[in-house]
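# A structural walkthrough
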Amino acid sequence: MATRVGQATVKSPRQLVISAYATMADITKVVTPDLKAPGESVLLHVDLAQGKRRLGGSALAQVFGQLGSESPDMDDPALVRRAFEAVQDLVERDLVLAGHDVSDGGLVTTLLEMAFSGNCGIDVEIGGGEETRPEAIASLFAEELNLVLECRAADAAVICKTMTRADVPCCLIGRTCKEKTV
């Protein structure tokens with residue numbers, strides 16, 4: 001596949017490639033996945049799957065040679081829209097330091113990618129220790145539509161309140177660490 005951008009031709013391997021171009025009013029209002037304030041920030045989980053943790057078609061299922069019976073899906077497009085608008089508001093107010101979607105590999109992969117790219121560690125608790133092992137595995141590896149946001153610890157309550165007003169599930173799942181441990 002090849003696409004032309006200005007005078008340049010960009011080639012890619014034969015697989016599905018989706019690109020989007022959009023104008024931005026302020027290019028300084030960009031959110032990248034690398035953690036920015038190790039030791040001073042917290043991690044919030046925005047659950048757009050409404051608590052579902054379907055493993056069908058996931059990387060985990062493939063590792064075990066399984067297909068799974070139920071695959072992740074966008075069950076509530078209105079929730080996704082509300083979340084998008086709320087996150088845009090938070091970005092505009094400079095409350096989000098970093099952000100990453102949960103996709104290939106699930107929440108565990110998202111968190112690790114954020115820590116690795118920020119050259120730091122994380123301390124995360126999933127499910128408050130009350131989950132059984134299968135539920136914990138599903139929480140970590142389900143490739144559901146979710147987000148992880150990094151924010152200053154002092155801003156977490158404001159962010160959660162903004163998300164609650166938008167009727168978007170959001171909860172604190174951990175903190176960043178200067179030590180490179182997970």
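Now for a look at the structure at hand.

### What to know about the overall build of the chain
Scanning the chain from N- to C-terminus turns up five helices and seven strands. Scanning the chain from its N terminus toward the C terminus, one meets helices and strands in the order β-β-β-α-α-β-α-β-α-β-α-β. Rg of the C-alpha trace for the chain: 17 Å, near the compact-globule value of 16 Å for 182 residues, within the 12% margin. Considered along the principal axes of its C-alpha atoms, the chain spans approximately 55 × 45 × 35 Å. Looking at the chain as a whole, 35% of its 182 residues qualify as buried. In the chain, the share of contacts with a sequence separation of at least 24, taken over all contacts with a separation of at least 6, comes to 81%. For the chain, the accessible area works out to roughly 11200 Å², and carbon and sulfur atoms hold 55% of it.

### Regarding unusual backbone geometry
For D94, which is not glycine, the phi torsion reads 60 degrees and is therefore positive. Within the element layout of this structure, D94 appears in the loop between α2 (77–92) and β4 (98–102). For D94, a relative accessible area of 45% translates into the label partly exposed. Its identity is not glycine, yet D167 carries a phi of approximately 60 degrees, on the positive side. Turning to its location among the elements, D167 is positioned in the loop between α5 (156–165) and β7 (170–177).

### Concerning the pattern of salt bridges
With the rule as written, the count across this model stands at eleven salt bridges. A salt bridge links D167 to R82; its shortest N-O distance comes to 3.8 Å. With a gap of 85 residues between them, D167 in the loop between α5 and β7 and R82 in helix α2 connect regions that are remote in the sequence. Since its relative accessible area comes to 26%, R82 is described here as partly exposed. When the shortest N-O distance is used, the salt bridge between D155 and R152 registers 3.1 Å.

### Re a nonpolar patch on the surface
Nonpolar side chains collect at one region of the surface, where V5, V10 and Y21 lie side by side and expose about 300 Å² of accessible area between them. With respect to the helices and strands, Y21 occurs in the loop between β2 (8–11) and β3 (41–47).

Analysis parameters
Residues numbered from 1 in each chain as written. Predicted model: local features only at pLDDT ≥ 70, side-chain atom pairs only at ≥ 80, totals over all residues. Heavy atoms only, no water. Helix = DSSP H or I, 4+ residues; strand = E, 2+ residues; numbered from the N terminus. Rg over C-alpha atoms; globule rule 2.2 N^0.38 Å. Buried < 20%, exposed > 50% of the residue type's maximum accessible area, 1.4 Å probe, protein only. Contact = heavy atoms within 4.5 Å. Areas by Shrake-Rupley, 256 points an atom, 1.4 Å probe, with all protein chains shown as cover. Salt bridge = Lys/Arg side-chain N within 4 Å of Asp/Glu carboxyl O. Patch = residues over 30% accessible without salt bridge, like charges linked within 9 Å, V, L, I, M, F, W, Y side chains within 5 Å.

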